[in-house]
Structure formats: structure tokens, C-alpha cells
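Architecture at a glance
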Amino acid sequence: MLTWLGYFGRFGQNFLRGAGVTLELTAVGLAIGFVLGLLLALARSYGSKWLQRAAGAYIAVFRGTPLLVQLFIIYYGLPELGIAFSQTVAAYLALGLNSAAYQAEYLRGSINAIGAAQMEAGRSIGLSKWQTIGYVILPQALRLALPSWSNEPISLLKTTAIVFLIAVQDLMAEGRRAATTTFDFVGIYLAVAVVYLVMVFALDALLKFLERKTAIPGMDIETRR
Amino acid sequence: MPKPILTIKNLTKIYGQNVIFQNLNLTVNEGDTVVIIGPSGTGKSTLLRCINLLTRPNEGQIWLDDLEITAKGTDEDQVRQHIGMVFQNFLLFNHLTALGNVKLGLTKVKKMTEEEATKKAMHELSRVGLADRANHYPGQLSGGQQQRVGIARALAMDPRVMLFDEPTSALDPELIGEVLEVMRKLALDGMTMVVVTHEMGFAREVADRIVFMEKGHIVEEGSPDEMFNHPKFDRTREFLWKITELYGKKEKEAE
Amino acid sequence: MDFSQFLSYIASGTVYTVGVTLIALPAGLLIGTILALLYVYGGKVAARVMNLYSTVFRGIPPLVLLFILFFAVTRGVNLSAFWAGSLSLGMVSSAYQMEIVRGALLSVSGDQLMAARAVGLSRLQAIRYVVLPQAVRLAIPPWSNEAAIVIKDSSLVYALGVPEILRRAQLIGASSQRYLLAYLSAAIIYFLLVYATTRLLNHLEQKLSIPSNP
């Protein structure tokens, strides 16, 4: 037990560095995923038939195949077409493109919930369709989505672990390095697990705080899964 | 000599800081139909739930015939076989047909065979006029039909006393009549009933005794004639007047 | 090597992928359901323990748990990578499935339970004959989501050397230097698996649904 606790002292610096990379991956993936996800959601809710289909296909493909496979296609496969990315960038892309598909669904759900009635209200005072979307629907939809959307940053944080399989130097990679030094695979990975748990708790607390801060008084928000 | 089926002594129920009722006393004789009226939130539903032990009172005793059901060690499930309850929101088992709903207690609690249970269940469904809907699911029945199934379900257990917790409050006006009709027939057949309701027409016609409850106290009780025509307390008169205006008229129009 | 050989090599990994899923998913369901029942009906202490279980197993990346269990297990017991992988995926899934079942139970409970007790059923009977049958139907949509997740997460066991779809794609990609084709093929196979499973479960949901008039 004592040796186990000692791991945190011995490898603490490395774990911290790796955790930093993990958080970075999460943040970038989340950001790319949000922007793209929002576009996809808008395409599905307000786009032409063709656009709706295309967005739908994107979402089906990225949600219907493993992230690991998507990662490998981007990192190992695309170079055959002349498009080569570094490990880190490939990771950002894979995480972002994948996350977009899930975020699109959360956002579309709340856009629909706010949707038609508010659109009517906005148009009735002379706002154009896109003005209504921008000034009336999205501000409400984004807040409404927050509780269920909050699942995504946490999910992404955990998902980033797989990018160590293409040698990105995240927390898992540091763990592996430490494990091969000590030969205590179980102990080290348990320590790594603890670090992930701490990050998840912290992120969860942050998100709950955000929920409270941005809530519209009196509006019914569904509870998180 | 009227025989008491239900005896309630010094019943007290407290939820946290709220005293729902305190030192409540009530006796229900065999064959009686007792209608409890009063403003909402005065503990009427809680009282019913105490009678069939869905809620435990803080103090006091309840006797069913000669058995003190509030005593420690009583088999609650056993007791509930003898006390039937009909809920405001019907609470039918959504995953079972009407027949299934009525049969469940018969097969699982009374341990009847499938054939016996089906026979008995169909008998009860006929009694409430729904034999032809036996294979329908709650989602396929109207509110009034659902409530009648609820009544059949409770009756199937051959209870000593039937409790009705605002049985028509959740129904569309046109559907109230069919349920009250079933209840009327039940009362005439001699079933002992305790009914919490706002339906004054029913109270006037069918009740043997009316109990007016407010803020957890029994303000007054008596026969319909006494209560409607010569109430002792002003509060009683006031309440009955107000509510008869509201509901009595509706029933007249529905007839 | 022609394309059909290429493809069939990768596709032959499907057996392992399906195998892992067919162990992990039911294991997760069994454990998850028992834990959910304990959580909802077992009292305060049980609920706290279950909450902890849920928080821990849903708070760490499946890959980490996979490694922990694999190394722990193959050190003490003689378990193959396949079984170690399957069981650890099952454990992770059990935490998510517990939440699904718990959610479904809570959506039914309360009033239905009360009505069942009012007829004289014991608590156990009420849960078994009234709450559970309704909860099962409510649980199917989120469960079908979980099934899709397990199929996709099964790709993680490639890191343990299990010759499932992704591993095979990697091997043949390396030997033929046609990585893109290999991984795209793998992607298509996974997609078909997920699609078929979702369709199947939708169909099941229809079949089990309680009739109601629109």
C-alpha cells in the first residue's frame, strides 16, 4: 500500500504532465466538436433536404463506428492519400470529428424543444429566420442543452485515453512508461485511474457550477443522466 | 344491531413539521356508505391511506372487525386483501390487460388457478360493465373505463370494505356518471364503503353518513338530511353550499 | 492477395468482436440489473455503495480498466486476453447498465408500486410482477444505445492482442501497406454490426410495446 502511494510521489510530475495533455486533448476535441456539432445540428433542423441527409449520414457514420478505427484511418490511412498529420493533430481531429456527431444530437434535441413556437414568435416581430435562430432560439437552446450536453466533456475526457495507442504523450502514455519501469502494471494503472477520477470529479463540479450560473430562472431543465 | 367493520381511534399522522390530523375518531358499520367531504389538502386521502396501511399513522389504532391492524407484527399484505382501494388516478397496471389487472391479485395473492382466476375476474368485470373490454390495455380505455376496471380489481379480492379516494376527480365530466353508477350499485348491494369525493349528488343520494373534515379535524358528521338541511356548524353549511353550487348543478345537467 | 481475401481476413475477426460483445453485454446486464434493484430497493446503505460503484466504474476510461483487469487477472489466474478483455468490458458496462435499469425502475415505481400493494401483493411480488415488466420496456432504447457502445468498445481489446476486427485490419494493413483500405473495411464491418443490432433492438421494442390507442 505504501509503495502504491509512493507512486504518486515518484511519478507525480509525469502524471501531471500527462494529465495536462489529456485536458488539452479534451478541450480541443470539445471545441472542434462543438463548432462542427452546432453546424450539423443547424443543418439538420433548418437545412435543405439534401443538407439534412448529409448531416444525418455524417452523424450515423461517426456514431456507428469505433473512435479507434476513425483515429487509425486519420493517422495511418490518410497519408496514403498524401494527407499526413502529426500524432497530436490526428488525435485532435479524430476526437473533434467524433465528438461533433454526439454534440449535434444533444443540440438538435434542445433546438427542437425550443423550436417551432419560438420561431413563430421571432418571425412575428419581423426578425428573419437566421436572426431568430441567432437571437432567440440558440440562446435558449444552448442553455437547455447544458445538463445533457454536460455528459459530453466528461465522456470525451475518458475517451482521450485511447490516443496513447498512436503514441500521443497523454496520461496513459506516462502510465505505461511508469509501468514498464516498475513492472507493477496493476498498481500503476490503478494510480492512473485515480488521476482520471480526480479529473472527472473536478470537471463534473465545474459543469454543475456552469449549469447553475447560466440557468434561466423559471425554465424547466431536465436532470442529467 | 349495527356491527362496526372499521374502528378508528385517536389517529394521528404527522409529516415532518406538518400535523395532517390528530386524535381522529371514526367508526364505519357494516353495509354503511360513509362519504368524507372537505376542502383539498385536509388529510382525507392520508386518512384512507392509513386505513389500508399504505401509510403508517404516528399514533392511534385502527380495527378491522376485531383485528387491530395497526398493532406491531400485523401482516400488512394480508390485511390489504380485505380492504379494497380505488385511486384518483386509477393506477391500473399499464402492462396488463383489463383482465390481467383484475387477475393479478387473484393468482399471486389468493393463489387461485388460472381458470378460477379468469372466471372470477370476468365476473367482476361484468359487474362493472366491462366484460367486452377484458382484453384491452389501459392505454386503450377511456378514463371512466379505466376507473371501472380499478373498481373491479379491488372488488375481485372480496374485501370487507372499499375505500375510494376521489374516484372521479381525474375524469372528464361526461365520464363521471358511469363510475358513480357503479358505486351506487355497489352501495345498494350492501358493500361497506368509505368514499372521499366532491360529488354532492352522490353524497346526498347514496351516503348513510357524511363526514365533513377540515384542517385535519372532523368538523361534523351526520346523515345526508342532517348535514344538508340542518347542519350544526356554520362552516359546514358554508362549505356544502359552495360545493353544491359547483358540483350539484353539474350532476343535474349530466342526468 | 486479392481484395476478397483481404476483406475476408478482416471479416473473420468478427467472430471475436461478436464474442466479446456477447460476453460483456449480458454480463453487464445481469450485474447491472441486480445492482440497480439493490440501489432502488435495498435501502440507504446499499444505495450509497451502488452510487460509489457507479461513480468509479463510469469515471475511469474503459481502456484503463481493461489494462488493470487484464494485468491483474493474467497474473493470478490463467485467463486469456479474450476473456480478460470481455469481462472487464462487462464490468464497465455493468455500471452504465445499472444506471439505465435504475432510471427505468424509477420511472415506473411509486404509484404502480402503491397500487400493487393495495391489492395485497407483497413488496417483492409488486416489484416482480408490476414494476419490472414495465421497466424492461422503458429500458430498451437506452439499452440499445449501450449495446452499440459495447460493440464499438470491443475494438479496445485489440490492444491486448485479441484477433478481432481491428487487430486483423492492422495486421493486414501492415503486411500489404494498404492501411487506408484495411481500416475503412474495418469501419464498414463495425458499422454494419452496429446498424444490424440497433435495427434488431428497435424491432424488439416494437414487439414488446404495450398497445395504446393514439
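First, a word on scope: everything that follows refers to the structure included in this document. Small disclaimer: the values here were computed from a predicted structure and weren't measured.

To continue, consider helix H5 (residues 143-155) of chain B. Over its 13 residues, H5 of chain B runs 18 Å from end to end, which matches the ideal 18 Å to within 8%, given 1.5 Å per residue. Within H5 of chain B, 13 of the 13 residues are buried, leaving the element largely enclosed by the surrounding structure.

This part takes up the packing of helix H1 (residues 2-46) of chain A against helix H7 (residues 171-182) of chain A. Residues and elements named next belong to chain A. Here H1 crosses H7 at 155°, and the two axes come no closer than 7 Å. In terms of axis orientation, H1 runs roughly antiparallel to H7. Contact residues: Tyr-7, Arg-10, Phe-11, Asn-14, Phe-15, Arg-17, Gly-18, Ala-19 and Thr-22 in H1; Leu-171, Glu-174, Gly-175, Ala-178 and Thr-182 in H7. Partitioned by chemical class, the residues of the contact of H1 with H7 number 6 nonpolar, 5 polar and 3 charged.

Residue and element names in this part refer to chain B. Bridging between strand S1 (residues 4-15) and strand S2 (residues 18-29) involves 8 bridges; their strand directions are antiparallel. Looking at the pairing, Pro-4 lines up with Asn-29 of S2. The antiparallel hairpin formed by S1 and S2 contains 2 residues in its connecting segment, where Gly-16 sits at a positive phi of about 60°.

The next subject is helix H8 (residues 165-176) of chain C. In this model H8 of chain C runs 16 Å from its N-terminal to its C-terminal C-alpha over 12 residues, within 8% of the 16 Å that 1.5 Å per residue would give. Within the sequence span of H8 of chain C, burial applies to Ile-165, Leu-166, Arg-168, Ala-169, Gln-170, Ile-172 and Gly-173 of chain C. Residues of H8 of chain C that are buried make contact with helix H3 (67-77) of chain A together with helix H1 (3-11), helix H2 (14-41) and helix H9 (179-208) of chain C.

Below, the discussion takes up the sheet that holds strand S5 (residues 67-68) of chain B. Within a sheet, neighbouring strands are paired by backbone hydrogen bonds and run either parallel or antiparallel to one another. All names here are of chain B. Across the sheet, 4 strands lie side by side as S2-S1-S4-S5; this open sheet has antiparallel pairing. The open sheet has two edge strands, S2 and S5, and neither has a second partner. Examined bridge by bridge, S1 and strand S4 (residues 59-64) share 5 bridges and lie antiparallel to one another. Considered in S4, the bridge of Thr-12 is made with Glu-59. Its contacts with the sheet place helix H1 (residues 44-51) against S1, S2 and S4, and it is angled at close to 120° to S1.

All names here are of chain B. Across the sheet, which stays open at both edges, the 6 strands sit in the order S6-S7-S8-S3-S9-S10 with mixed pairing between neighbours. At either margin of the open sheet sits one strand with a lone partner, and together these are strand S6 (83-86) and strand S10 (217-222). Within the sheet, the average angular offset between the axes of one strand and its neighbour, ignoring direction, is 20°. Sheet topology places strand S3 (residues 33-37) next to strand S8 (residues 192-196); 4 bridges connect them, and they run parallel. Residue pairing across strands places Val-34 opposite Val-194, the latter belonging to S8. Along the sheet, H1 makes contact with S3, S6, strand S7 (161-165), S8 and strand S9 (209-214), crossing S7 at roughly 150°. Of the strands in this sheet, S3, S7 and S8 are in contact with helix H6 (residues 173-188), which crosses S8 at around 145°.

With that settled, consider the interface of chain C and chain A. If you look at the interface, chain C gives 31 residues, while chain A gives 33 residues. When chain C packs against chain A, the two sides together hide about 2,900 Å² of surface, and 77% of this comes from carbon and sulfur. Ranking the residues of chain C by area buried against chain A places Lys-152, Leu-180 and Tyr-183 of chain C at the top, with a combined share of 19%. Inspection of the region where chain C meets chain A yields 0 salt bridges. On inspection of chain C and its partner chain A, the count reaches 6 residue pairs in polar contact (both at pLDDT 80 or more). Of all elements in the fold, only helix H3 (44-59), helix H4 (62-76), H8 and H9 of chain C reach the threshold of two or more residues within the side of chain C that touches chain A. Examining the composition of the side of chain C that touches chain A, we find that 8 residues originate from one element, H9 of chain C, more than from any other.

Another aspect to go through is the side chain of Thr-97 of chain B. In this fold, Thr-97 of chain B is placed in the loop between S6 and helix H3 (98-108). Dropping the residues within four chain positions of it, Thr-97 of chain B is found in contact with Ala-134, Asn-135, His-136 and Tyr-137 of chain B.

Right, let's talk about the packing of aromatic side chains for a bit. Per the counting criterion, the structure on display carries 23 aromatic pairs over all chains. Both rings, one in Phe-72 of chain A and one in Tyr-158 of chain C, keep their centres 5.6 Å apart while their planes meet at 85°; by these two values the pair is edge-to-face. With one member in each of two chains, Phe-72 of chain A in helix H3 and Tyr-158 of chain C in the loop between helix H7 (123-153) and H8 form a pair that bridges those chains. Put simply, the rings of Phe-72, Tyr-75 and Tyr-76 of chain A together with Tyr-158, Tyr-179 and Tyr-183 of chain C touch in pairs and so form one group of aromatic residues. The lysine or arginine in question, Arg-204 of chain B, covers the ring of Phe-228 of chain B, its NZ or CZ lying 4.4 Å from the ring centre. Over the ring of Tyr-39 of chain C we find Arg-102 of chain C, and its NZ or CZ is 4.1 Å from the ring centre.

Relative to S10 of chain B, S9 of chain B runs antiparallel, the two being bridged by 5 bridges. Within S10 of chain B, the residue paired with Val-211 of chain B across the bridge is Glu-221 of chain B.

Rules used throughout
Residues numbered from 1 in each chain as written. Chains lettered and ligands numbered in written order. Predicted model: local features only at pLDDT ≥ 70, side-chain atom pairs only at ≥ 80, totals over all residues. Heavy atoms only, no water. Helix = DSSP H or I, 4+ residues; strand = E, 2+ residues; numbered from the N terminus. Expected span 1.5 Å × (residues − 1). Buried < 20%, exposed > 50% of the residue type's maximum accessible area, 1.4 Å probe, protein only. Axes fitted to C-alpha atoms, helices over the stretch in contact; angles between N-to-C directions. Parallel < 35°, antiparallel > 145°, perpendicular 65-115°, else oblique. Contact = heavy atoms within 4.5 Å. Nonpolar A, V, L, I, M, F, W, Y, C, P; charged D, E, K, R; others polar. Pairing = 2+ DSSP bridges. Buried area = accessible area lost by both parts, 1.4 Å probe. Salt bridge = Lys/Arg side-chain N within 4 Å of Asp/Glu carboxyl O. Polar contact = N/O pair within 3.5 Å; in protein donor to acceptor, adjacent residues only side chain to side chain. Phe/Tyr/Trp six-rings, centres within 6.5 Å; stacked < 30°, edge-to-face > 60°. Lys NZ or Arg CZ within 6 Å of the ring centre and 35° of its normal.

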